Amino acid sequence: ILCLCFFLQWQVSAQSFWDDQFINPGAYSSGGDYISDMLTTEDGVYITGYFGTIDGIITNSIAYWNGDSWENLSTGLKNEDGSIADGYELHLSENLLFVVGEFEQAGDSAVTNIAAWDITTKEWIVVPGAFNDVIRTVTSSGSNLYVGGEFTEIDGNPYDHIAVWDGESWNAFQGGVNGTVNVLKREDGQLYVGGDFSSANGLAVNNLAIWTGAQWTDFNGGADGEVFDIHIIGDSVLVAGNFEQLNGASIPYLGILSEGFWASFPIQPDGVVYDIEENGNEIAIAGDFDQIGVLQTNGFAIWDDNSW
């Protein structure tokens, strides 16, 4: 979970100073506010999380920065009683911006934890399906939309934490996994899955698994704690979460898989890492950590290929 609007400026333009256009008054409701995800396009930045207003504009947990000012997406994300709801992740597929989380309304439309914003017509589109619990992650491949989370039912039918929308109906995905899915990533025909689970369709795994296109496989021994993000850079895979070990090796909170082996960064953060982002040769991490070595970080740090 990103607790800093500051992260937006790094994503828009990699400069060595913070731009105060995002800072005051920032995203606000009545307390406990956070930004959980952002998505950068050629024209601006979308964010979601839990917040009521930005710069005095009522946004309700989802908003768009057009380069000059903030815009709302109609009346945003809300619960059935009209209260502010939670957006967890964004995904853009052609002209549709998908958002998942824990909410019952998107604009004036009744939905259940998933909806799509048409960035061309600027209207909310209902994605059918009554989920019985939270959706935490969303990605796509071709015409298929993949979601993962805490849910075990859609429209009363059983689903094991992963489901696929083919444009007409929801389908189960290869037996799913037996616990919460926090992240799904598609790459080279494979689906990378991370979260808090111990099996994938009966195969023993440790919070990480890969669907190869033909079968489930263990992801290089996995992690001994919950995984929150997976980021693929070339032939390497970065993993973030609340773990102490990767495949039995002492690699807390943040690790990298390269040439088949897990490794740590030269200096590791001292707490949980929730999110990994890439900008050119730099990698940014955000989470619940205060230090990396002697560096005071307050939950945000950038790796410049040599040092934090």
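Refer to the structure presented above.
These lines cover the structure that appears in this document, whether it is placed above or below. (Residues numbered from 1 in each chain as written. Predicted model: local features only at pLDDT ≥ 70, side-chain atom pairs only at ≥ 80, totals over all residues. Heavy atoms only, no water.)

Quick look at the sheet that holds strand 22 (residues 190-196)
Turning to step 1, where the next piece is worked out: Pairing is antiparallel in the open sheet, where four strands are placed in the order 21-22-25-26. Lying at the two open borders of the sheet, with one neighbouring strand each, are strand 21 (180-187) and strand 26 (216-218). Neighbour to neighbour, the strand axes of the sheet diverge by 25° on average, direction disregarded. (Pairing = 2+ DSSP bridges. Helix = DSSP H or I, 4+ residues; strand = E, 2+ residues; numbered from the N terminus. Axes fitted to C-alpha atoms, helices over the stretch in contact; angles between N-to-C directions.)

Details of the packing of aromatic side chains
Centre-to-centre distance and the angle between the planes together describe a pair of aromatic rings.
Turning to step 1, where the next piece is worked out: As enumerated under the stated definition, the model contains 17 aromatic pairs in all.
Turning to step 2, where the next piece is worked out: When the ring of F173 is compared with that of W216, the centres are 5.9 Å apart and the planes differ by 90°; the resulting orientation is edge-to-face. Residue F173 is found in the loop between strand 20 (170-172) and strand 21, and its partner W216 is found in strand 26; the two are separated by 43 residues along the sequence.
Turning to step 3, where the next piece is worked out: Taking relative accessible area as the criterion, F173 reaches 7% and is therefore assigned buried.
Turning to step 4, where the next piece is worked out: Overall, W216 belongs to the buried group, its relative accessible area being 9%.
Turning to step 5, where the next piece is worked out: An angle of 65° between the planes, with centres 5.7 Å apart, marks the rings of Y192 and F219 as edge-to-face. Highlighted residues: Y192 in strand 22 and F219 in the loop between strand 26 and strand 27 (226-233), separated in sequence by 27 residues. F219 matches Y192 in its accessibility class, with the two residues each being buried.
Turning to step 6, where the next piece is worked out: Ring pairing ties together the aromatic residues F131, F151, W165 and W170, which thus form one cluster.
Turning to step 7, where the next piece is worked out: Here the guanidinium or amino end of R136 rests over the ring plane of Y88, the centre of that ring lying 4.7 Å away. (Phe/Tyr/Trp six-rings, centres within 6.5 Å; stacked < 30°, edge-to-face > 60°. Buried < 20%, exposed > 50% of the residue type's maximum accessible area, 1.4 Å probe, protein only. Lys NZ or Arg CZ within 6 Å of the ring centre and 35° of its normal.)

Side note on the pattern of salt bridges
Turning to step 1, where the next piece is worked out: Tallied over the full model, the rule gives three salt bridges.
Turning to step 2, where the next piece is worked out: Between E150 and R136 there is a salt bridge; the shortest N-O distance is 2.7 Å. Here R136 lies in strand 15 (residues 135-141) and E150 lies in the loop between strand 16 (144-149) and strand 17 (153-154), a separation of 14 residues in the sequence.
Turning to step 3, where the next piece is worked out: In this structure R136 comes out as partly exposed when scored by relative accessible area, which is 25%.
Turning to step 4, where the next piece is worked out: Here K185 makes a salt bridge to D229, at a shortest N to O gap of 3.6 Å. With K185 in strand 21 and D229 in strand 27, this residue pair connects regions lying 44 residues apart in the sequence. (Salt bridge = Lys/Arg side-chain N within 4 Å of Asp/Glu carboxyl O.)

Considering the layout of surface pockets
Turning to step 1, where the next piece is worked out: What the largest pocket holds in volume is close to 940 Å³.
Turning to step 2, where the next piece is worked out: The wall of the largest pocket is formed by 35 residues, among which D37, E89, K185, D229 and D275 lie closest to the centre.
Turning to step 3, where the next piece is worked out: For the lining of the largest pocket, the secondary structure elements donating two or more residues are strand 2 (34-40), strand 9 (86-93), strand 15, strand 21, strand 27 and strand 33 (272-279).
Turning to step 4, where the next piece is worked out: Among the elements that make up the lining of the largest pocket, the one with the highest residue count is strand 21 (seven residues).
Turning to step 5, where the next piece is worked out: Taken together, the residues that form the lining of the largest pocket break down as 14 nonpolar, nine polar and twelve charged. (1 Å grid on protein atoms, 1.4 Å probe; cavity = no way out; pocket = protein on both sides within 12 Å on 5 of 7 lines; lining within 4 Å. Points joined across faces, edges and corners; volume = space filled by probe spheres on them. Nonpolar A, V, L, I, M, F, W, Y, C, P; charged D, E, K, R; others polar.)

Digging into the side chain of N113
Turning to step 1, where the next piece is worked out: Inspection of the secondary structure puts N113 in the loop between strand 12 (109-110) and strand 13 (114-118).
Turning to step 2, where the next piece is worked out: Judged by relative accessible area, N113 falls into the buried class, the value being 7%.
Turning to step 3, where the next piece is worked out: Within the local environment of N113, its side chain forms a polar contact with the backbone oxygen of D133, the two atoms lying 2.9 Å apart.
Turning to step 4, where the next piece is worked out: With residues up to four places along the chain from it excluded, the contact list for N113 reads V99, V100, G101, E102, F103, F131, D133, V134 and I135. (Polar contact = N/O pair within 3.5 Å; in protein donor to acceptor, adjacent residues only side chain to side chain. Contact = heavy atoms within 4.5 Å.)

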